[in-house]
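# Working through the structure, step by step
Listed here are the chains, written in short residue letters.
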Amino acid sequence: MRKSVPLLGGTLAVTLSLALTACGSGTDSKSSAPSGSYDKNATVGVGSLYEPQNLDNTGGGGQGVTEALNGNVYEGLFRLTDTGEVEKQLAKDYTVSPDGLTYTFTLRDGVTFHSGKKLTSADVKYSIEKVTAENSQSARKSSFDMIKSIATPDPATVEVTLSSKSISFVYNLSYVWIVNSEAKDLKTSEDGSGPYKLDKWTRGSALSLERYAGYWGTPATNEKVVFHYYKDATALNNALLTNAVDVVTSEQSPDALDQFKSNPAYKVNDGKSTTKLLLAFNDKVKPFDNVKVRKAVSSAIDNKKLLQSVWGDHGTLIGSMVPPTDPWYEDLTQVNPYDVTLAKKQLADAGYAKGFDFTLDTPNYDPHPTAATFIKSELAKVGINVKINIITPDEWYTKVYKNHDFSATLQEHVNDRDIVWYGDPDFYWGYDDKQVSEWVKQAEQSDTTDEQTALLKKVNNQIAQDAASDWLYLYPQIVVASTKLSGYPLNGLNSQFYAYGIKKS
Amino acid sequence: MVDIPASVDRSSSLMISYLLRRLAFLAGSLFLAGVVIFLLLRLLPGDPANSLLSVGATPEQIAAARHEIGSDRPLPEQFVTWLGQLATFDLGNSFISSLPVGPEITSRLDVTVPLTLLSFLLAVVIAVPVGFVAARRSATWYGTLINGISQLGIAVPVFWIGMILITVFALRLGVLPAGGFPQDGWALPGEALTSLALPVITVALVMSASLVRYVRSAALDVLGSDYLRTARALGSSFNRAMWRHGMRNGAVPVVSVLGIELATTLLGAVVVETVFALPGLGSLLAQAVAQHDYPTVQGVLFVSTFAVLVIGFLSDVAQRLIDPRLRGRLSGGAR
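These remarks concern the structure in this document. (Residues numbered from 1 in each chain as written. Chains lettered and ligands numbered in written order. Predicted model: local features only at pLDDT ≥ 70, side-chain atom pairs only at ≥ 80, totals over all residues. Heavy atoms only, no water.)

### Some points on the overall build of chain B
Of regular secondary structure, chain B possesses 13 helices and 0 strands. If you list the helices and strands of chain B from N to C, you get α-α-α-α-α-α-α-α-α-α-α-α-α. Taking all contacts inside chain B whose residues are at least 6 apart in sequence as the whole, residues at least 24 apart take part in 71%. Within the structure as shown, chain B displays about 16200 Å² of accessible surface, and the carbon and sulfur contribution to it stands at 70%. (Helix = DSSP H or I, 4+ residues; strand = E, 2+ residues; numbered from the N terminus. Contact = heavy atoms within 4.5 Å. Areas by Shrake-Rupley, 256 points an atom, 1.4 Å probe, with all protein chains shown as cover.)

Set out below in structure tokens:
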């Protein structure tokens, strides 16, 4: 069982003033397959390993519900494009007061929910409050702690007052689904405003969407989309090979890629991912409270070789928490280079010339066990003895995330813009640097994105210098599709999968 | 059929009293199973609330989630609630999806029950004649071959057979789907049957491998028995003697094994369901266990325990219909 960990950029920022382009669907990066003529009434089969738990993203729907419904069935005031830009969606326009504390949104005209009801400001207020409600299970909840009040002066206007400035407020709003405030049973049905409405969800098997005739924007380029769910990557690949599905949202089985690469009926797309594999130290306990020890461990592990052995020629080395798609990215792979001699020297300086023992809490699903074995053999070369402790995702959550009862752990961190967690000393890895916390806080209260970017770059450099964690590599994002398809999203940012631009010939 | 009338009466009353005792035993087992299922699950480490939340959740959110699903309430209270629900045929709501468990199980049974029964029938159709031939011709080369293949069949893992069948029939020949089940289910009987074809063959092959051995050994016993020799000596043809006396005697141990095989397949289908991406009971159980979704696990285990107990009941009753000598005994069959 796979449990991904979306590390949420609670207090993050966005390049909003620059990136807010005119709205419209279909401005995503498209696959390079030739479009030409296509079947407007096609049914597109999408294969995925992530079935929704239920259909409510504030009620524990999980990664699968984002993939299937985000942007397809539900829309936000803003949307995050496949290339990571924020666009206006249900918001026609908005203004920010000079003190940066009041946001006034004007809603788009002519938007109806799938039930036929017209979108009003009351629905927007309801939808935001659904995320911030006490019983909300949304992991985005804490991103909205600074909301003081939401007013609806007229049906087309929403006024949100914040208690402190938040440059990432608009970015965060792209995660809030606008739901009909009168809708019932949102765990098994839906009432959104997107280009598709829910046709049928057969739990354990498939979820189908069909084009919504009353859509306000550009209609979807296909009639029906069926998400087929698999528990096993091989079964999923077989489905693609037998045309039971047309596209696989995220290939997780690197060994299977060759059979598609060598087959002209398929296209293997290398998109950009935001998922990072971390060797996270507990920076508060010995020996990892010592910067030199963390740097030594980082330098003793050949990340390139690890990446190669897990993903072959796919994936990227990062050297810090920031993927190249985040605005504050810098290549920091040389801050703690792979250098065994250096590692030994740093260990000696730290007083561990003879090495030490530690336990590595390792989630029981791939690639963690593989990485753990690799790390064990690398660290043995500098005298460090690793005891691998395999744990379930559930144990990880209790032992590591909640109780901070660990020395070091492996974990994949899915989301973009999640560097800000290094500003929170209470976070599970316990990195505590007053200056970094201050920079993160200031970045969120920036007036401009340049200011924000500059501050987060400082954060990025500092955590790399301190080897706050060892950022092993950035996952590849591989979409494999039939060559009959074009217009599918390549990057699958934060697990989204916009299907409305997919053309099938 | 060869009994004299007076013993028919006695035999029938024995059968009725047997049925009553056996039903009481069934009900008692079911209750006991319910208690054990409930308690064992709670002994597992971990908290279902963890499956609901991801990294980024605050301690308040975790507490709220626990309260919402009720996993923070005392065990006896949770148990009484569950018993109360069971009494009204309500299996409760899933911790994870918060959707009712009952309909979920029913929809999974749409896949698992046909899969189990069809595999079972196919296995019987294959194993009975093959096992019989293996016994009757045990000295020939093909008798030995059958024996060897069936031993091999027991050793080979079920997923491997599934993968071979997928490679041949789905990927190479393209005649059958590699997996999945139609979204509209049995509304499209043709499609539903096609999608079950490879899984059914997979399970049936594995099941018949072990069944062949039981049928063979039962048939060997019968073939070497005194009554068969006596019947032949009295002038019956081999076929007639086998049909009148052999089948009936040989069937008793086979029926008891059939019952066990059927029950095993019902839950053991999880591997096949994963390989063939079928939304069945086994895959629901596997997922629910991983997520600590107690109500779903309880529901699945309870329903399947019930099914297994009923199968055991039917198999015991069938044995007593076949062999009246067993009717005085509460459990077990011949041998």
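### Considering the side chain of Asp246(A)
Residues and elements named next belong to chain A. The residue aspartate 246 is located in the loop between helix H5 (233-241) and strand S11 (247-248) in this model. Assessed through its relative accessible area of 10%, aspartate 246 is described here as buried. Excluding residues within four positions of it along the chain, aspartate 246 makes contact with Thr43, Val44, Gly45, Leu240, Val480, Ala481, Ser482, Leu485 and Lys504. (Buried < 20%, exposed > 50% of the residue type's maximum accessible area, 1.4 Å probe, protein only.)

### Looking at the interface of chain A and chain B
At the interface, 45 residues of chain A touch 39 residues of chain B. Note on chain A versus chain B: buried area summed over both sides is about 3500 Å², and carbon and sulfur give 53% of it. At the boundary of chain A and chain B, one finds 2 salt bridges. Among the salt bridges present, the one from Asp184(B) reaches Lys200(A), with a minimum N-O distance of 3.0 Å. Remark: the boundary between chain A and chain B carries 8 residue pairs in polar contact (both at pLDDT 80 or more). When residues of the side of chain A that touches chain B are traced back to their parent elements, those giving at least two are strand S8 (196-202), strand S9 (206-211), H5 and helix H11 (393-402) of chain A. It is H11(A) that contributes the most residues to the side of chain A that touches chain B, 6 residues altogether. (Buried area = accessible area lost by both parts, 1.4 Å probe. Salt bridge = Lys/Arg side-chain N within 4 Å of Asp/Glu carboxyl O. Polar contact = N/O pair within 3.5 Å; in protein donor to acceptor, adjacent residues only side chain to side chain.)

### Overview of the pattern of salt bridges
Opposite charge on two side chains allows them to pair when their charged atoms are near. Residues and elements named next belong to chain A. Applying the stated criterion across every chain yields a total of 23 salt bridges over all chains. With a closest N to O distance of 3.8 Å, lysine 92 and aspartate 109 form a salt bridge. Of this pair, lysine 92 sits in strand S4 (residues 91-96) while aspartate 109 sits in the loop between strand S5 (102-107) and helix H3 (121-132), placing them 17 residues apart in sequence. Residue lysine 92 is classed as partly exposed on the basis of its relative accessible area of 41%. When its relative accessible area of 56% is taken as the criterion, aspartate 109 is described as exposed.

### Side note on the sheet that holds strand S15 (residues 385-391) of chain A
Strands pair in a sheet through their backbones, by hydrogen bonds, and they do so in one of two ways: parallel or antiparallel. Residues and elements named next belong to chain A. Spatially, 5 strands are ordered S15-S14-S16-S13-S17 in an open sheet, and the strand pairing comes out mixed. Looking at the sheet topology across the chains shown, the edges are occupied by S15 and strand S17 (470-474). Within the sheet, the average angular offset between the axes of one strand and its neighbour, ignoring direction, is 25°. Where strand S14 (residues 357-363) meets S15, 7 bridges bridge the pair, whose relative direction is parallel. Across the sheet, the residue bridging to aspartate 357 is asparagine 385, located in S15. (Pairing = 2+ DSSP bridges. Axes fitted to C-alpha atoms, helices over the stretch in contact; angles between N-to-C directions.)

### Quick look at the packing of aromatic side chains
All names here are of chain A. Throughout the structure, instances matching the rule amount to 40 aromatic pairs over all chains. Taking 5.2 Å as the distance between ring centres and 75° as the angle between the ring planes, the aromatic pair formed by phenylalanine 260 and tyrosine 266 counts as edge-to-face. For the pair shown, phenylalanine 260 and tyrosine 266 are each scored as buried. Geometrically, the ring pair formed by tryptophan 396 and tyrosine 428 is edge-to-face, given 5.2 Å between the ring centres and 80° between the ring planes. (Phe/Tyr/Trp six-rings, centres within 6.5 Å; stacked < 30°, edge-to-face > 60°.)

### Examining the sheet that holds S4(A)
Residue and element names in this part refer to chain A. Spatially, 4 strands are ordered S4-S5-S7-S6 in an open sheet, and the strand pairing comes out antiparallel. Two strands close off the open sheet at either side, each with one partner strand: S4 and strand S6 (147-154). The average undirected angle you get between the axes of adjacent strands in this sheet is 20°. As defined by bridge partners, S6 adjoins strand S7 (residues 157-162) across 5 bridges and the pair is classed as antiparallel. Along S7, the bridge assignment pairs alanine 151 with glutamate 159.

### Examining the nonpolar core
Counting residues in each nonpolar core, the largest one holds 45 residues, and the members touching the most others are Leu279(A), Phe358(A), Leu379(A), Leu472(A) and Tyr473(A). Take this core: its biggest share by element is 5 residues, from helix H10 (residues 368-380) of chain A. With residues near it in sequence (within four places) discarded, Tyr473(A) still touches Thr275(A), Lys276(A), Leu277(A), Leu306(A), Leu307(A), Val310(A), Trp311(A), Thr316(A), Leu317(A), Ile318(A) and Pro367(A). Counting residues in hydrophobic clusters, the runner-up holds 36 residues, among them Phe120(B), Ala204(B), Val215(B) and Leu278(B). (Core = buried A, V, L, I, M, F, W, Y, C linked by side-chain atoms within 4.5 Å.)

### Overview of the pairing of strand S1 (residues 43-48) of chain A
All names here are of chain A. Most of S1 sits inside the fold, with 5 of its 6 residues counted as buried. Here S1 pairs with strand S10 (residues 224-229) via 6 bridges, running parallel. Among the inter-strand pairings, glycine 47 is bridged to a residue of S10, identified as histidine 228. Examined bridge by bridge, S1 and S11 share 2 bridges and lie parallel to one another. Within S11, the position partnered with valine 46 by the bridge is valine 247.

### Topic: unusual backbone geometry
Pro287(A) follows Lys286(A) through a cis peptide bond whose omega is -5°. Structurally, Pro287(A) can be placed in the loop between strand S13 (276-281) and helix H7 (291-300). Between Asp366(A) and the following residue, Pro367(A), the backbone shows a cis peptide bond with an omega angle of 0°. The residue Pro367(A) is located in the loop between S14 and H10 in this model. If you check the backbone angles, His404(A) has positive phi at about 55° while not being a glycine. Checked against the element boundaries, His404(A) lands in the loop between H11 and strand S16 (408-413). Given a relative accessible area of 31%, His404(A) falls into the partly exposed group. Within the chain, Ala277(B) stands out as a residue other than glycine whose phi angle is a positive 50°. Within the element layout of this structure, Ala277(B) appears in the loop between helix H11 (270-275) and helix H12 (281-290). A residue is classified by how much of its surface remains accessible, and Ala277(B), at 12% relative accessible area, is buried.

### What about the side chain of Ser150(B)?
Residues and elements named next belong to chain B. Residue placement: serine 150 occurs in helix H6 (residues 141-155). Judged by relative accessible area, which is 4%, serine 150 ranks as buried. Once residues within four sequence positions are removed from consideration, serine 150 is found in contact with Ala209, Val212 and Arg213.

### Some words on the packing of helix H5 (residues 101-136) of chain B against H6(B)
All names here are of chain B. With their axes 8 Å apart at the nearest point, H5 and H6 run at an angle of 130° to one another. By the angle between their axes, H5 is oblique relative to H6. The crossing of H5 and H6 is left-handed. Across from Val130, Val133 and Ala134 in H5, the residues of H6 making contact are Tyr142, Gly143 and Ile146. (Parallel < 35°, antiparallel > 145°, perpendicular 65-115°, else oblique. Left-handed = near helix turned anticlockwise from the far one by under 90°.)

### Notes on a nonpolar patch on the surface
Residue and element names in this part refer to chain B. A surface patch of nonpolar side chains, amounting to about 700 Å² of accessible area, comprises Phe159, Trp160, Met163, Ile164, Val168, Leu173, Val175 and Val271. The element contributing the most residues to the nonpolar patch is helix H7 (residues 158-172), with 5 residues. Using a relative accessible area of 39% as the deciding quantity, one classes methionine 163 as partly exposed. (Patch = residues over 30% accessible without salt bridge, like charges linked within 9 Å, V, L, I, M, F, W, Y side chains within 5 Å.)

By themselves, these are just geometric observations and shouldn't be taken as functional.
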